[in-house]
Each structure stands twice: as C-alpha cells, then as structure tokens.
Amino acid sequence: MAKAGFGKRHVPDEAPRGAADFVHLPVREAAIAAYIDRLPEGAAIGYKVLAEELPDYGQQACRSALDRLTRAGHLRRIRVQIVVEGSGLRWVTRTFFSRTARSADWWARYIRFIRGVDAPGQPAAPDEVRLAEPEPGVPAARSEAYSVLAGLGGREPRLQLSEGECVALEQLVQEWLVRGVGREQVSQALVSGLPASVHSAGAFLRTRLENKMPPAPQPKKNEIREEIVGALEMCAFCDEDETTGTLVDGVCVDCRADIDRDEANGATGDVPDTFLARPRQRTDVAARVAGLRAAAGRPSVPGPRAGG
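Worth saying up front: this structure is predicted, and the values here are computed from it rather than measured. (Residues numbered from 1 in each chain as written. Predicted model: local features only at pLDDT ≥ 70, side-chain atom pairs only at ≥ 80, totals over all residues. Heavy atoms only, no water.)

Each helix and strand in the protein chain was counted, giving 11 helices and 6 strands. Residues classed as buried in the protein chain amount to 44% of the 308 residues present. Within the protein chain, contacts between residues at least 6 apart in sequence are counted, and of these 66% link residues at least 24 apart. When the accessible surface of the protein chain is summed, it comes to about 15700 Å², and 52% of that surface belongs to carbon and sulfur atoms. (Helix = DSSP H or I, 4+ residues; strand = E, 2+ residues; numbered from the N terminus. Buried < 20%, exposed > 50% of the residue type's maximum accessible area, 1.4 Å probe, protein only. Contact = heavy atoms within 4.5 Å. Areas by Shrake-Rupley, 256 points an atom, 1.4 Å probe, with all protein chains shown as cover.)

What follows concerns the packing of aromatic side chains. Counted by the stated rule, this structure contains 6 aromatic pairs. Taking 5.5 Å as the distance between ring centres and 75° as the angle between the ring planes, the aromatic pair formed by Phe-96 and Tyr-110 counts as edge-to-face. Of this pair, Phe-96 sits in strand β3 (residues 88-97) while Tyr-110 sits in helix α4 (residues 104-112), and the two are 14 residues apart along the sequence. Each member of the pair, Phe-96 as well as Tyr-110, is classed as buried. Ring geometry for Trp-106 against Tyr-110: centres 5.3 Å apart, planes inclined by 20°, an arrangement best described as stacked. Taken together, the residues Trp-106 and Tyr-110, both in helix α4 and 4 residues apart, mark about one turn of the helix. (Phe/Tyr/Trp six-rings, centres within 6.5 Å; stacked < 30°, edge-to-face > 60°.)

Ile-32, Ile-36 and Leu-69 are the most contacted members of the largest nonpolar core, which has 29 residues in total. Per-element tally for this core: the top contributor is helix α1 (residues 27-37), with 6 residues. For Leu-69, the contacting residues outside a window of four places in its chain are Leu-25, Glu-29, Ile-32, Ala-33, Ile-36, His-74 and Leu-75. Core analysis: the next-biggest nonpolar cluster, separate from the first, contains 23 residues, Leu-152, Val-173, Leu-177 and Val-186 among them. (Core = buried A, V, L, I, M, F, W, Y, C linked by side-chain atoms within 4.5 Å.)

Counted at 1.5 Å a residue, the expected span for helix α3 (residues 59-71) with its 13 residues is 18 Å, and the 18 Å between its end C-alpha atoms agrees. Of all the residues in α3, the buried ones are Ala-61, Cys-62, Arg-63, Ser-64, Ala-65, Leu-66, Asp-67, Leu-69 and Thr-70. Elements in contact with the buried residues of α3: α1, α2 (47-53), β2 (75-84), β6 (251-252) and α10 (253-264). Looking one or two residues past α3, Gly-73 carries a phi angle of roughly 95°, positive in sign. (Expected span 1.5 Å × (residues − 1).)

Keep in mind these numbers describe shape, not what the thing actually does.
Here it is as structure tokens:
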C-alpha cells in the first residue's frame with residue numbers, strides 16, 4: 001500500500017468486470033492491467049512496486065507496460081492539492097485507474113473537475129461535474145446529471161423529458177451523484193418498477209428522486225476530513241506536470257523517449273530465470289488473459305517471453 005492519501009484510485013462510472021476486459025491490449029499489458037484492476041484503493045502501483053510483486057517482469061518492462069496502459073487511456077497520474085483538517089494545504093499524488101479505456105478529452109475533463117472542484121486557472125463550473133461521456137444526442141457541454149436525465153427516454157419511452165424538465169431535475173440527480181451513486185445506478189433506479197402508466201414524466205421522476213434519495217455518506221470514525229482545492233495532470237513516471245512541461249497521453253517527452261529507447265534496445269522483456277528471487281509463476285495471470293481473449297473470440301497474441 002502507498003502512504004495514506006496516495007496510491008491507486010478508481011474513476012467513476014466504470015463498466016462491470018467482464019470476460020472482455022483488456023482484450024484490446026497485448027498479453028503483458030492485459031495481465032498487468034488485470035492485476036492493477038483488482039488491487040484495493042490506495043495500493044502502490046508504480047513500476048518499481050509492480051516489478052517486485054510480478055516476478056515475470058523487471059522494472060523496465062513494468063514501466064513500458066504502464067506507458068502503454070497510459071496511452072490506451074487506462075491510467076493517469078494526478079497531483080491533487082488538498083486542505084486537510086487541522087494540517088493546512090498539501091499535495092498528494094494519486095494514480096487513477098479506469099477499467100474502461102477513456103479518451104484524452106475525458107481525462108482532461110476529469111482532472112479539471114475532479115470531485116466537482118475546478119483546478120487553479122480553469123473557468124469555474126460549480127454546478128457541473130463533467131466526468132462521463134454524454135449520452136448520444138446530448139450536447140457535450142451539459143452536466144453529467146443532465147445527460148442521465150436526457151438519456152432516460154431512450155431506455156424507457158414513458159420517461160421522455162423536455163429540455164426544461166431535464167434542467168429542473170438536474171440538481172436532484174446531481175445530489176445522487178455527489179452521494180456516491182454512479183450514473184448507471186441512477187438511471188436504473190429511475191426506470192425500474194414503473195407503474196402501468198406515467199401521466200407526467202417530470203413529476204413522477206421528481207417524486208422518485210426525492211423519495212429514494214440515498215443517504216449522505218457519513219465520515220468514518222477517526223477519518224481525517226479533506227477538501228480538494230486543485231488538481232494537475234503529471235507525468236506517469238516523474239515529477240513533471242502540465243504546468244512545467246509538455247505531456248502527451250499522460251507522459252512527458254523525456255520519459256517517453258527513455259521508454260522508447262529501452263524498447264528499441266530490447267531492455268523491456270522478461271526477467272531471466274537466473275535472476276528471479278522466487279520461482280516464476282507464468283500462468284496465473286497470462287493464462288487468464290489468454291482465456292479471456294478466447295472467450296471474447298479474439299485471437300491469441302504471443303507474449304513477450306522467449307521460452308514456454
């Protein structure tokens with residue numbers, strides 16, 4: 001585990017785990033992604049730690065794999081400025097992981113409006129949390145809460161809402177999201193168990209949103225309260241951030257050049273058996289990924305290993 005406040009974080013609105021997870025990735029990257037996906041919040045997932053925990057791969061191989069996961073949209077490293085109750089301001093570094101591959105634009109919006117707080121220097125958007133891709137046909141500038149409401153009619157024709165009704169109900173849905181309910185869960189709660197007829201979709205949904213409002217999360221015993229006041233994207237491998245250098249798909253130019261050079265020199269392969277501190281366990285993760293590919297109808301991709 002990383003130090004308190006640091007380490008792995010999951011992003012919201014991920015698809016449930018399934019057989020097709022990570023089948024779009026090469027075997028090594030899929031294996032490491034599956035391992036990271038199952039780690040708890042706050043776990044350390046730097047390439048040095050992964051190399052210690054995954055005996056098949058050395059540090060350079062793990063760094064190369066994390067680079068590819070970052071390029072594919074599964075990872076971003078974010079420096080978050082927080083106010084800790086009784087301790088003042090401090091910066092923490094968190095690596096956010098998404099089982100669902102996200103676009104660069106999605107990550108940019110998430111970093112700017114993480115937990116609804118805009119980063120320094122960005123235009124304020126106090127009533128919007130632009131974390132998810134909008135529903136088809138919904139303008140991208142709308143809030144996540146609005147897109148949930150606008151998408152209901154496609155799932156249940158009796159709940160077709162006008163633009164004005166979406167705006168009127170937007171704040172109620174936003175409160176559900178703030179209380180930790182994902183957009184899919186909100187949508188499901190609104191469309192399930194409908195009566196035989198719905199005379200006014202807007203009035204019906206307002207009553208349901210108010211009556212079924214989930215409780216506000218209560219702080220855990222001895223939990224230190226913190227407030228995020230800023231967030232910056234930083235390089236996945238060094239201390240460079242978006243204010244001090246150029247980041248391309250979450251990695252700075254220098255680190256990307258180092259990784260490309262290592263890959264060109266063949267330095268990102270497996271750890272030779274003679275250098276292993278403990279017996280190699282090849283099949284646990286890699287074989288599972290191969291099985292997932294087969295289940296999804298995808299061809300097997302040769303792994304980076306030279307031997308069986």
